[in-house]
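# Descriptive structure summary
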Amino acid sequence: MAAKRHLMILCGGRSAEHEVSLTSARSVLQVLDPQRYEVTVVGITRGGRWILDPRLQKAIREGLTAIEDEAWQEGVSWLQGLLQVFDRRLAQPESRPTVVFPLLHGPFGEDGTVQGLLEILGVPYVGAGVLGSAIGMDKAVTKDLLQAFQVPVVPYLVFREDTDASLEDIAREAQEFLEFPMFVKPVNLGSSVGITKVKRPEDLVPALKTAFLYDTRVLVEQGVEPAREIEVSVLGTAPPEVSVPGEIVPAHEFYDYEAKYLEAGSRLLIPAPLDPEETARVQNLARLAFLALGLEGMARVDFLMNAETGEIFVNEVNTIPGFTPISMYPKLWEASGLPYAQLIDRLVDLALERFERRRRKAVHWQAGGESWDKSS
Ligand SMILES: Nc1ncnc2c1ncn2[C@@H]1O[C@H](COP(=O)(O)OP(=O)(O)O)[C@@H](O)[C@H]1O
Ligand SMILES: [Mg+2]
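Residues numbered from 1 in each chain as written. Chains lettered and ligands numbered in written order. Predicted model: local features only at pLDDT ≥ 70, side-chain atom pairs only at ≥ 80, totals over all residues. Heavy atoms only, no water.

The helix and strand tally for the chain stands at 12 helices and 14 strands. Residue burial in the chain is summarised as follows: out of 376 residues, 56% are buried. As displayed, the chain has an accessible area near 16600 Å², and 53% of this comes from carbon and sulfur atoms. (Helix = DSSP H or I, 4+ residues; strand = E, 2+ residues; numbered from the N terminus. Buried < 20%, exposed > 50% of the residue type's maximum accessible area, 1.4 Å probe, protein only. Areas by Shrake-Rupley, 256 points an atom, 1.4 Å probe, with all protein chains shown as cover.)

Right, here's the structure in full:
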């Protein structure tokens, strides 16, 4: 039998999706075969402290919904804490993690920052690398690149805070190029935080103000109406595999934070009711978007489809999609013939493959010197 794999799950974190992350971690923990995996859980508190406490894994398995700073005092502060976490693991060669699975969403997890630390430490990890993660988190750069690869996106404008333009100027420019309804979004967040659907001119400035609370760059987009929301799961390298498409029917007017996380009203249709041409088109676009954006391992590509004209646009990509039992990413793979547990195995394999592929190239990038796990 093959040697046991060591998997280090990173979960929690400072984003609005802290709880989603823990639910995802619980699902992954439940399916990992203890005969084949030894698992370490590193939890990040809402405040950003890294916790390596064996009780955490048990607590998450039993349904912990948040890693509160007050409750978990064993941890140490950011950076110092991170290094200690990894040092302690390194000090025990037999329990070195083979692969890190960052199950973190949003800033400080999905945006390339944690991936950068793992690169420096020389640890293989699941999912997109530094560049792909950073691109995927930035809705404006994502759209710029997709356009360059002729992947259809809705018309959009990006505004920066550090210019002389007032919010009124920005609102005027938006109306010159775009029609109502528009969507005003912070460039960098996720989970619909700070996003407003704007139907009237007088609502633009307040929407801009809201979006600028969260980010220094704001995107104003042409709204698709009536919109259908189609998603495709992507897995692998080049060419990546794509799943059957799924569709989300939001309970609210759009798929806002409440519809996503607070109410169970939204429905998933798997597979999405699309004709064969439409299905092939979204699958091809998902593959193309994955390659255009430099993604690796996994991603969920989200589309907006005009329900009347059938026009299809890529809306965004998620480089660390949810892994809860009701999450679209694993559900789409299940419907495509890849069960949850096998999906996790594949992701771990892909992480190791990428690590090996790059190790073979490199003298210069392996700055960490000692590589993490030469024996595997
Ligand atoms: N251009 C658009 N046209 C129509 N609906 C949109 C548009 N942009 C966003 N939405 C709606 O807002 C939701 C959240 O926007 P999205 O860009 O996906 O941000 P997030 O990263 O927060 O998921 C989408 O799921 C969709 O319901
Ligand atoms: Mg979205």
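Time to look at the packing of aromatic side chains. Applying the stated criterion to the full structure yields 4 aromatic pairs. A ring pair is formed by Tyr-329 and Trp-333, whose centres lie 6.4 Å apart and whose planes are at 80°; its orientation type is edge-to-face. Of the two residues, Tyr-329 and Trp-333 are both situated in helix H11 (residues 328-335); the distance of 4 residues between them amounts to about one turn of the helix. On the basis of relative accessibility, which here comes to 0%, the residue Tyr-329 falls in the buried class. By the ring-pair criterion, three or more aromatic residues cluster together here, those being Phe-101, Phe-323, Tyr-329, Trp-333 and Tyr-340. When the ring centre of Phe-108 is taken as origin, the NZ or CZ atom of Arg-14, which lies over that ring, is 3.9 Å away. Stacked on the ring of Tyr-125, the Lys or Arg Arg-354 has its end atom at 4.5 Å from the ring centre. (Phe/Tyr/Trp six-rings, centres within 6.5 Å; stacked < 30°, edge-to-face > 60°. Lys NZ or Arg CZ within 6 Å of the ring centre and 35° of its normal.)

This paragraph deals with the pairing of strand S4 (residues 99-102). Looking along a regular strand, one sees the side chains alternate between the two faces of the sheet. The alternating pattern of S4 places Val-99 and Phe-101 on one face and Val-100 and Pro-102 on the opposite face, and all of these are buried. Sheet topology places strand S1 (residues 5-12) next to S4; 4 bridges connect them, and they run parallel. Opposite Leu-7, over in S4, you have Val-99 as the bridge partner. (Pairing = 2+ DSSP bridges.)

For helix H1 (residues 18-31), spanning 14 residues, the distance from its first C-alpha to its last is 21 Å, which sits close to the expected 20 Å at 1.5 Å a residue. Within H1, 10 of the 14 residues are buried, which leaves the element mostly enclosed by the surrounding structure. Three or more residues of H1 are buried, namely His-18, Val-20, Ser-21, Leu-22, Ser-24, Ala-25, Arg-26, Ser-27, Val-28 and Leu-29. (Expected span 1.5 Å × (residues − 1).)

The biggest cluster of nonpolar side chains holds 36 residues, and the ones touching the most others in it are Ile-9, Val-28, Phe-101 and Phe-323. Look past the residues within four positions of Ile-9 in its chain and what remains in contact with it is Ala-25, Val-28, Leu-29, Leu-32, Val-39, Thr-40, Val-41, Val-42, Phe-101 and Leu-103. Counting residues in each nonpolar core, the second largest holds 29 residues, with Ile-135, Leu-274, Leu-295 and Val-301 among its members. (Core = buried A, V, L, I, M, F, W, Y, C linked by side-chain atoms within 4.5 Å. Contact = heavy atoms within 4.5 Å.)

This part takes up the sheet that holds S4. Strand order in this open sheet of 4 strands is S3-S2-S1-S4, and the pairing throughout is mixed. The sheet is open, and its two borders are formed by strand S3 (50-51) and S4, each paired with just one other strand. Alignment of S1 against strand S2 (residues 37-44), held across 8 bridges, turns out to be parallel. Directly across from Arg-5, in S2, lies its bridge partner Tyr-37. On the sheet, H1 packs against S1, S2 and S4 and is oriented at approximately 155° with respect to S1. Relative to the sheet, helix H2 (residues 54-61) contacts S1, S2 and S3, its axis offset from that of S2 by approximately 90°. (Axes fitted to C-alpha atoms, helices over the stretch in contact; angles between N-to-C directions.)

Tracing the sequence through the fold places Val-242 in strand S10 (residues 241-242). Classification of Val-242 as buried rests on a relative accessible area of 16%. Sequence-wise, Val-242 and Ala-299 are 57 residues apart; in three dimensions their C-alpha atoms are separated by 9.8 Å. Aside from chain neighbours lying at most four places away, what touches Val-242 is Val-232, Ser-233, Val-234, Gln-283, Ala-286, Arg-287 and Trp-333.

Here helix H5 (residues 130-137) crosses helix H6 (residues 139-148) at 105°, and the two axes come no closer than 5 Å. Judged by the inter-axis angle, H5 sits roughly perpendicular to H6. Between H5 and H6, the contacting residues are Ile-135, Gly-136 and Met-137 on the first element and Lys-139, Val-141, Thr-142 and Leu-145 on the second. Grouping the constituent residues of the contact of H5 with H6 by class yields 4 nonpolar, 2 polar and 1 charged. (Parallel < 35°, antiparallel > 145°, perpendicular 65-115°, else oblique. Nonpolar A, V, L, I, M, F, W, Y, C, P; charged D, E, K, R; others polar.)

With respect to the helices, strands and loops of the structure, Pro-54 is situated in helix H2. Between the alpha carbons of Pro-54 and Val-41 there is a distance of 7.6 Å; along the sequence they are 13 residues apart.

With that settled, the discussion passes to the pattern of salt bridges. Summed over the entire model, instances satisfying the criterion amount to 23 salt bridges. Note that Asp-345 is salt-bridged to Arg-36, the shortest N-O span being 3.3 Å. A residue pair is termed long-range when its members are at least 10 positions apart, and Asp-345 in helix H12 (residues 340-361) and Arg-36 in the loop between H1 and S2 qualify at 309 residues. Residues Lys-139 and Glu-316 are paired through a salt bridge, measuring 2.9 Å at the closest nitrogen-oxygen approach. Taken together, the residues span a long stretch of sequence, with Lys-139 in helix H6 and Glu-316 in strand S14 (residues 312-318) at a distance of 177 residues. One exposure class covers both Lys-139 and Glu-316, and it is buried. Salt bridges here are not isolated pairs; linked through shared partners, they connect Glu-19, Arg-46 and Glu-68. (Salt bridge = Lys/Arg side-chain N within 4 Å of Asp/Glu carboxyl O.)

Turning our attention to unusual backbone geometry. Backbone torsion omega between Ala-238 and Pro-239 reads -5°, so that peptide bond is classified as cis. Mapped onto the fold, Pro-239 is located in the loop between strand S9 (227-236) and S10. That bond from Ile-270 to Pro-271 is cis: its omega, -5°, falls within 30 degrees of zero. Mapped onto the elements, Pro-271 comes out in the loop between strand S12 (267-269) and helix H10 (276-292). In this structure, Phe-108 takes a positive phi of about 60° despite not being glycine. Its location among the elements puts Phe-108 in the loop between S4 and helix H4 (113-121). What makes Phe-108 partly exposed here is its relative accessible area of 41%. You will see that Gln-150, though not glycine, has its phi angle at about 60°, which is positive. Residue position: Gln-150 is located in the loop between H6 and strand S5 (156-160). What makes Gln-150 exposed here is its relative accessible area of 71%.

These figures capture arrangement, not role.
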